[in-house]
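Descriptive structure summary
Letter by letter, the chains look like this.
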Amino acid sequence: MNTASSLLRLFATGALCALGFSIPQAFSEEAFVYFSHKQWSLVCDNTLTCRAEGYSPENELYSAAVLLMRHAGADTVVDNQVMLTDLLDNEDALPHRGTPQLMIDGRSLGALQRVEGQDQRWRMNATQFSAFLIALRRDNHITFQDKLGRYPLSGAGSSAVLLKMDDVQGRIDTRSAIFKQGAKDESGIKAPLAAPVISKARAVEAELRVMNAQEVAFYKPRLMKSLTETENNNCTEDRLDDPELPWQIARLNDRQSLVSASCWMAAYNWGEIFWVVDNEMTSPPQRVTDSGSEYNNGEIDAVHRARGLGDCLVIKRWVWNGESFIHSYAANTGRCRLIRSGGTWDIPDFVTTVVPQ
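This section reports on the structure supplied with the text.

The biggest cluster of nonpolar side chains holds 35 residues, and the ones touching the most others in it are Trp40, Leu68, Phe132, Phe144 and Leu162. It is helix H3 (residues 126–138) that provides the largest number of residues to this core, a total of five residues. Excluding anything up to four places from it in sequence, phenylalanine 132 contacts Trp40, Val66, Ile104, Met124, Ile142 and Leu153. Judged by nonpolar contacts, the second largest core, of 16 residues, contains Trp247, Ile249, Val259 and Ala261.

Pasting the structure below:
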């Protein structure tokens, strides 16, 4: 496989995920629903929790993002959050921007409420949120306003996305539907699905260390040979053999260790390959990922930018269960819209419940 083309495929998938477009089957086998239309997107994770996100029209300097989240099941409410861009040229003015207001057709519906424990995240109260949903359905002009300016929110695509959100959770024509309400009660609404449970084991060594010469001589040739025997090899020899990028190891238990090596480098992302190895190498190594970012205390994370500006990320995580690393989490941080460095929201498509052994 051509290394450059394989990297493009890898991060095209992540970018599509972050942007809300359809995802190739290889990536979406654990996801439930992705749906996107115009300026709105929807992700429903494997528990049937749904998150809809809406944005300003493209290329707006003063841009806003809204997130609507609802758990599956009867008697669940819709939580809302609002974020306004802080990626503006006048950074000195940001601390003095004040509390934003919700504006519909130029009329103020009052100040938003700060989300507790979250810097510069806001929430509409019940009255404001009700008016907000009506304005979306009627295609009214919605903006948020602070001392710096006005931040328009696009309603384009919201009808399709919110209808899809109701459909996924079985709420269409019920009294609790967000978009298409009716007279039905909630008896037919889908119940939440249970998240898989992972029993997390304690790793003997919480951090990787650089291999000594004896360990390199023992493990590296065997692991390099395993790479030549697989069709899915994204690693490049110049990374694997670079003396400035030493191979690392951490003991997991008295029989197994975690080995990592620098695998590839792209324009604005890089990946480490991680294996679980039998300390005597009498059994084949278990490859966890070739796109890892770091290991810490029994967890491997892979965090990658969907574009070079770093305002949208794709995240995956694996947890050590005493025998192998189990995929425990997958998410993106919303569309690439210059709202926040490091991404706007936390939008998982796959979640688990991790409990210590």
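Given 3.6 residues to a turn, an α-helix orients residues that are three or four positions apart in the same direction. Every buried residue of helix H4 (residues 158–168) is accounted for by Ser158, Val161, Leu162, Met165, Asp166 and Val168. Buried residues of H4, viewed axially, fall in a sector of 170°; they line one side. Two residues or fewer after H4 comes glycine 170, characterised by a positive phi angle close to 75°.

Tallied over the full model, the rule gives six aromatic pairs. Pairwise contacts between aromatic rings join Tyr295, Trp320 and Phe325 into one cluster.

What follows is about the side chain of threonine 49. Inspection of the secondary structure puts threonine 49 in the loop between strand E2 (40–44) and strand E3 (50–55). Of the residues examined, threonine 49 reaches a relative accessible area of 5% and is grouped as buried. Here threonine 47 takes part through its side chain, which lies 3.2 Å from a polar atom of the side chain of threonine 49. Among the polar contacts made by the side chain of threonine 49, one reaches the side chain of histidine 71 at a distance of 3.0 Å. For threonine 49, the residues in contact, after removing those within four places along its chain, are Val43, Cys44, Met69, Arg70, His71, Ala72 and Gln169.

Time to look at the sheet that holds strand E22 (residues 347–351). Read across the open sheet, the five strands follow the order E18-E19-E20-E21-E22; overall the sheet is antiparallel. Each edge of the open sheet carries a strand with a single partner, namely strand E18 (294–296) and E22. The average undirected angle you get between the axes of adjacent strands in this sheet is 20°.

Attention shifts here to the pairing of strand E12 (residues 197–200). Where burial is concerned, the two faces of E12 differ: the one with Ile198 and Lys200 is buried and the one with Val197 and Ser199 is not. Across four bridges, E12 lies against strand E23 (residues 353–356) in parallel orientation. If you follow valine 197 over to E23, its bridge partner there is threonine 353.

Pairing of strand E13 (residues 209–210) with strand E14 (residues 248–251), which is carried by two bridges, proceeds in the antiparallel orientation. Each bridged residue has a counterpart across the sheet, and for valine 210 the counterpart in E14 is glutamine 248. Where E14 lies against strand E15 (residues 256–265), four bridges are found, and the strand directions are antiparallel. Bridge pairing in E15 places arginine 251 opposite serine 257. The turn joining E14 and E15, which pair antiparallel and follow one another in sequence, is formed by four residues.

What counts as what
- Residues numbered from 1 in each chain as written.
- Predicted model: local features only at pLDDT ≥ 70, side-chain atom pairs only at ≥ 80, totals over all residues.
- Heavy atoms only, no water.
- Core = buried A, V, L, I, M, F, W, Y, C linked by side-chain atoms within 4.5 Å.
- Buried < 20%, exposed > 50% of the residue type's maximum accessible area, 1.4 Å probe, protein only.
- Helix = DSSP H or I, 4+ residues; strand = E, 2+ residues; numbered from the N terminus.
- Contact = heavy atoms within 4.5 Å.
- Arc of directions from axis to C-beta.
- Phe/Tyr/Trp six-rings, centres within 6.5 Å; stacked < 30°, edge-to-face > 60°.
- Polar contact = N/O pair within 3.5 Å; in protein donor to acceptor, adjacent residues only side chain to side chain.
- Pairing = 2+ DSSP bridges.
- Axes fitted to C-alpha atoms, helices over the stretch in contact; angles between N-to-C directions.

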